[in-house]
Amino acid sequence: MAVATSPATGHVYGVRRVCAIWGVARSSFYDARRQAKRPRQSPAGRRGPKPALTDAELLAAIRRDLARSPWTGEGHRKIWARLRVIDGIRVGRARVLRVMGENHLLSPHRSPPRPANDHDGCITTDAPNVMWGADGAVIPTVENGNVTLFIVAEHWNAEGLGWHVAEHGNRYAAAEALALAVSQVFGSVRPDAARGVSLRHDHGSPFMSEHFQNHLTFFGMAPSFAFVREPETNGVAERFIRTLKEQVVFGRIFQDIEEV
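Let me begin by describing the structure that accompanies this report. Please read all numbers here as calculations on a predicted model, not as lab measurements. (Residues numbered from 1 in each chain as written. Predicted model: local features only at pLDDT ≥ 70, side-chain atom pairs only at ≥ 80, totals over all residues. Heavy atoms only, no water.)

**Topic: the environment of Trp163**
Phase 1 of the analysis: Within the fold, Trp163 resides in strand β3 (residues 160-166).
Phase 2 of the analysis: Taking C-alpha positions, Trp163 is 9.4 Å from Ala134, a pair spaced 29 residues apart along the chain.
Phase 3 of the analysis: Excluding residues within four positions of it along the chain, Trp163 makes contact with Leu149, Phe150, Ile151, Ala177, Leu180 and Gln184. (Helix = DSSP H or I, 4+ residues; strand = E, 2+ residues; numbered from the N terminus. Contact = heavy atoms within 4.5 Å.)

In structure tokens form, the structure reads like this:
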């Protein structure tokens, strides 16, 4: 029946029954039939000007970068940044991700599912010294392993107020970044120096520790907890660290903590 066509309408005999059994729309059947009759065309090329490097040349540059890196399991962001900073190869980050994915160079990972809970609130402020944000980032080094950078950022203009780099990302290192921020803004670390300022932070152990919370109380600050597994609620500090990584960290290989 599939080859028997009505001379009057051009419809295939029995297609209604066959599509009903298969659970396929008749429009899909006729569209596939039209596609089969069309002459094959070469796939469309890339729009716009040609890139400086072909995909094959970019793949070779990516493999050279992976070979010179002292670490394994590198993500596409670090490779994209090192190609730009070290080799002077300026390509789109999405293109690096595509080429690495097509050649099975990405580290396997599985993102845990998270509930849909979109927030339409605003965490930026209309004036300075109303809310600050704190967070930590891990930076790999060749000699000292992973070191931790703690930062404190202003929610008014995303300015970095305090920072501290330590081999161990514990409560003492986090409190050092907070103390530097208070000293930079208010001139000293006296009691109640930052009275009225809220500090947004996540539920990491350095920030939830009694030592860090006592520092907040000493400075007259109030903790403002971000939601669990929702980093956008600490978005100012998270965005500060992302910008720092993209512009400074990912493009370089640090030998030790002093270089960091």
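The discussion continues.
**A word on the packing of aromatic side chains**
Both the distance between ring centres and the angle between the ring planes are used here to describe each pair of aromatic rings.
Phase 1 of the analysis: This model, assessed by the stated rule, comprises five aromatic pairs.
Phase 2 of the analysis: By way of ring pairs, the aromatic residues Phe150, Phe207 and Phe212 are connected into one cluster.
Phase 3 of the analysis: Just above the ring of Trp80 sits the side chain of Arg84; from NZ or CZ to the centre is 4.8 Å.
Phase 4 of the analysis: The cationic tip of Arg93 hangs over the ring face of Trp80; the distance from NZ or CZ to the ring centre is 6.0 Å. (Phe/Tyr/Trp six-rings, centres within 6.5 Å; stacked < 30°, edge-to-face > 60°. Lys NZ or Arg CZ within 6 Å of the ring centre and 35° of its normal.)

**Digging into the sheet that holds strand β1 (residues 131-140)**
Backbone hydrogen bonds are what pair the strands of a sheet, in a parallel or an antiparallel way.
Phase 1 of the analysis: Overall, mixed pairing links the five strands, which are arranged β3-β2-β1-β4-β5 in an open sheet. Each edge of the open sheet carries a strand with a single partner, namely β3 and β5 (222-225). Direction aside, neighbouring strands of the sheet carry axes that sit 25 degrees apart on average.
Phase 2 of the analysis: Taken together, the three bridges between β1 and strand β4 (residues 198-201) define a ladder with parallel strand orientation. Across the sheet, Met131 pairs through a bridge with Ser198, a residue of β4.
Phase 3 of the analysis: On top of the sheet, helix α6 (residues 171-186) reaches β1, β2 (146-154), β3 and β4; it is set at about 150 degrees to β3, its chief contact. (Pairing = 2+ DSSP bridges. Axes fitted to C-alpha atoms, helices over the stretch in contact; angles between N-to-C directions.)

**So, helix α3 (residues 55-68)**
Phase 1 of the analysis: Here α3 is 14 residues long and its end C-alpha atoms lie 20 Å apart, about the 20 Å a rise of 1.5 Å per residue gives.
Phase 2 of the analysis: The complete set of buried residues in α3 reads Leu58, Leu59, Ala61, Ile62 and Asp65. Across the axial projection of α3, the buried residues extend over an arc of 160 degrees, all falling on one side. Within α3, the exposed residues directed more than 90 degrees away from the buried face are Ala56, Arg64 and Ala67.
Phase 3 of the analysis: On its buried side, α3 packs onto α4 (76-85) and α5 (93-102). (Expected span 1.5 Å × (residues − 1). Buried < 20%, exposed > 50% of the residue type's maximum accessible area, 1.4 Å probe, protein only. Arc of directions from axis to C-beta.)

**Focus: the packing of α4 against α5**
Phase 1 of the analysis: Look at α4 against α5: their axes get within 9 Å of each other, and the N-to-C directions meet at 120 degrees. Between α4 and α5, the angle falls in the class oblique. Note that α4 runs across α5; the crossing there is right-handed. Of the residues in α5, those touching α4 at His76, Arg77, Ile79 and Trp80 are Arg93, Val96, Leu97 and Met100.
Phase 2 of the analysis: Classifying every residue of the contact of α4 with α5 by side-chain character gives five nonpolar, one polar and two charged. (Parallel < 35°, antiparallel > 145°, perpendicular 65-115°, else oblique. Left-handed = near helix turned anticlockwise from the far one by under 90°. Nonpolar A, V, L, I, M, F, W, Y, C, P; charged D, E, K, R; others polar.)

**Observations regarding the pattern of salt bridges**
For side chains bearing opposite charge, pairing can occur when the charged atoms are close.
Phase 1 of the analysis: Taken as a whole, this structure holds 11 salt bridges when the rule is applied.
Phase 2 of the analysis: In this structure, Asp65 engages Arg68 in a salt bridge whose closest nitrogen and oxygen atoms are separated by 2.8 Å. Here Arg68 and Asp65 lie together in helix α3, a separation of three residues that amounts to about one turn.
Phase 3 of the analysis: A relative accessible area of 0% places Asp65 in the buried class.
Phase 4 of the analysis: Looking at Arg68, the relative accessible area reads 34%, which means it is partly exposed. (Salt bridge = Lys/Arg side-chain N within 4 Å of Asp/Glu carboxyl O.)

That is the geometry; function is a separate question.
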